[in-house]
Amino acid sequence: MLEIKNLHAKVAGPNGRSILKGVDLTIGRGQVHAVMGKNGSGKSTLAQVLMGREAYEVTEGSITFEGKDLLDMSAEERAREGVFLGFQYPVEIPGVSTSYFLKAAVNATRKHKGLPELDAAEFLKLVKSKMDLLKMDKSFMNRAVNEGFSGGEKKRNEVFQMAVCDPTLCLMDETDSGLDIDALRTVSNCINTLRSPQRTIVLVTHHERFLNLIEPDHVHVMLEGRIVKSGGKDLASEIENRGYDWVEKEVAQLV
Ligand code: ADP
Ligand code: MG
Ligand code: MG
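Residues numbered from 1 in each chain as written. Chains lettered and ligands numbered in written order. Predicted model: local features only at pLDDT ≥ 70, side-chain atom pairs only at ≥ 80, totals over all residues. Heavy atoms only, no water.

*Asks:* Describe a negative patch on the surface, listing the residues and the values that go with them.
*Replies:* A cluster of acidic side chains, namely Glu-54, Asp-69, Asp-72, Glu-76 and Glu-77, defines a negative patch on the protein surface. If you trace the backbone, Glu-76 turns up in helix 2 (residues 75–81). (Patch = residues over 30% accessible without salt bridge, like charges linked within 9 Å, V, L, I, M, F, W, Y side chains within 5 Å. Areas by Shrake-Rupley, 256 points an atom, 1.4 Å probe, with all protein chains shown as cover. Salt bridge = Lys/Arg side-chain N within 4 Å of Asp/Glu carboxyl O. Lys, Arg positive; Asp, Glu negative; His and termini not counted. Charge placed at Lys NZ, Arg CZ, Asp CG, Glu CD. Helix = DSSP H or I, 4+ residues; strand = E, 2+ residues; numbered from the N terminus.)

*Asks:* Before we move on, can you summarise the sheet that holds strand 3 (residues 32–37) with the specific residues and values?
*Replies:* Strand order in the open sheet formed by six strands is 6-9-10-3-11-12, with mixed pairing between adjacent strands. Each edge of the sheet is formed by a strand with only one pairing partner; in this case those strands are strand 6 (83–85) and strand 12 (226–231). Between one strand axis and the next, the sheet turns by 20° as a mean value, whatever way the strands run. Strand direction decides the pairing type here: strand 3 and strand 11 (residues 218–223), joined by five bridges, are parallel. By the bridge assignment for strand 11, Met-36 is matched with Val-221. The strands touched by helix 5 (residues 151–165) within the sheet are strand 6 and strand 9 (169–173), with strand 9 carrying the most contacts at an inclination of about 175°. (Pairing = 2+ DSSP bridges. Axes fitted to C-alpha atoms, helices over the stretch in contact; angles between N-to-C directions. Contact = heavy atoms within 4.5 Å.)

*Asks:* Help me get a handle on the layout of surface pockets, residues and values and all.
*Replies:* Estimates place the volume of the second largest pocket at around 160 Å³. Along the walls of the second largest pocket sit Val-106, Thr-109, Arg-110, Lys-113, Leu-115, Leu-118, Glu-122, Leu-126, Val-164, Cys-165 and Asp-166, which together make up its complete lining. Put simply, the parts of the chain that give the lining of the second largest pocket at least two residues each are helix 3 (98–112), helix 4 (120–133) and helix 5. With three residues, the single largest contributor to the lining of the second largest pocket is helix 3. Partitioning the lining of the second largest pocket into residue classes produces six nonpolar, one polar and four charged. (1 Å grid on protein atoms, 1.4 Å probe; cavity = no way out; pocket = protein on both sides within 12 Å on 5 of 7 lines; lining within 4 Å. Points joined across faces, edges and corners; volume = space filled by probe spheres on them. Nonpolar A, V, L, I, M, F, W, Y, C, P; charged D, E, K, R; others polar.)

*Asks:* Could you give an account of the environment of Val-187, naming the residues involved and the relevant values?
*Replies:* Following the sequence through the fold, Val-187 ends up in helix 6 (residues 181–194). The class for Val-187 is buried, based on a relative accessible area of 0%. With 41 residues separating them in the primary sequence, Val-187 and Val-228 have C-alpha atoms 29 Å apart. With near-sequence residues (within four places) excluded, Val-187 lies in contact with Leu-134, Arg-156, Val-159, Thr-175 and Leu-179. (Buried < 20%, exposed > 50% of the residue type's maximum accessible area, 1.4 Å probe, protein only.)

*Asks:* So, the site of ligand 1: which residues are in play, and what are the values?
*Replies:* Around ligand 1 lies a shell formed by Val-11, Arg-17, Ile-19, Lys-38, Asn-39, Gly-40, Ser-41, Gly-42, Lys-43, Ser-44, Thr-45 and Tyr-56. Contact distances for ligand 1 include 3.2 Å between an oxygen atom and a side-chain N or O atom of Arg-17. The contact in question runs from an oxygen atom of ligand 1 to an N or O atom on the backbone of Ser-41, over 3.2 Å. For ligand 1, whose accessible area on its own is 560 Å², the fraction buried by protein is 65%. A per-element tally of the shell around ligand 1 places helix 1 (residues 43–51) first, with three residues. (Near = heavy atom within 4 Å. Polar contact = N/O pair within 3.5 Å; in protein donor to acceptor, adjacent residues only side chain to side chain.)

*Asks:* Provide a residue-level description of the sheet that holds strand 5 (residues 68–69), including the pertinent values.
*Replies:* The strand order 2-1-4-5 describes an open sheet built from four strands, whose pairing is antiparallel. This sheet does not close on itself; its edge strands, each paired only once, are strand 2 (18–27) and strand 5. With seven bridges joining them, strand 1 (residues 2–11) and strand 2 adopt antiparallel strand pairing. Within strand 2, the position partnered with His-8 by the bridge is Lys-21.

*Asks:* Lay out the pairing of strand 3 in plain terms, naming residues and giving numbers.
*Replies:* Most of strand 3 sits out of view: six of its six residues are buried. Burial along strand 3 is two-sided: the residues Val-32, Ala-34 and Met-36 and His-33, Val-35 and Gly-37 are all buried. As paired strands, strand 3 and strand 10 (residues 200–204) are joined by four bridges and run parallel to one another. Residue pairing for strand 10: Val-35 is matched across the bridge by Val-204.

*Asks:* Which residues make up the pairing of strand 11, and what values do they have?
*Replies:* Most of strand 11 is tucked away, with five of its six residues classed as buried. Once strand 11 ends, the chain turns through two residues before running back antiparallel as strand 12, passing Glu-224 with a positive phi of about 45°.

In structure tokens:
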């Protein structure tokens, strides 16, 4: 359902440095893939480019999602098609409550799918069930978007937004970072309930611990803007034990 071919991207603007240097990745429907890799290898950039952030410019390659050319769509169009990047709204939006913001997002997507909009009562029911799942405080919905949230609350909020929006492709960039062990369990549990044959989940993470809780179908390692190694869950364990240097050496030998 998601096919990335020879993707090259650079920082937008003249003299923008090139970051992605030929990413190839095919992800089937219903699968969970983890992307690992050293700091600065291009993981976040890949997520941003998939989402259509204007800070980056694609110079070569293609991204096909559900048979459609993703690169032809704006970030808003991609969101409506069901692409969701966790932490979409890291900025605080004073005065705009989370509930107002989420209801608009959910109904825009439903409209696009040809589904009727949720009324206030239906929306509340949906929100309550997801908040229970994520063990979130009831006051949360009345707070302004991300205003004064702790790091852990922002992460929980991100997974909550995702659960409510019901996307087809979930991109989660280091959702596990900065969570204490209980929050990590709660968040993993919620992500696991989102697993479905209709949905694809891509997790960017540094930690095997997170992957032990989620159990990805495939693990990929990024190095200098490309995916250089793919494997199963074992690859994450190997990286946890041995770091990334051996992957670099292996790649160097292949060249
Ligand atoms: P990762 O998420 O794997 O740590 P990133 O995708 O965030 O890596 O960044 C890859 C490289 O590109 C880093 O060296 C980073 O500093 C650089 N980079 C990313 N975004 C920008 C940007 N907007 N402007 C300049 N450099 C950038
Ligand atoms: Mg980074
Ligand atoms: Mg990153």
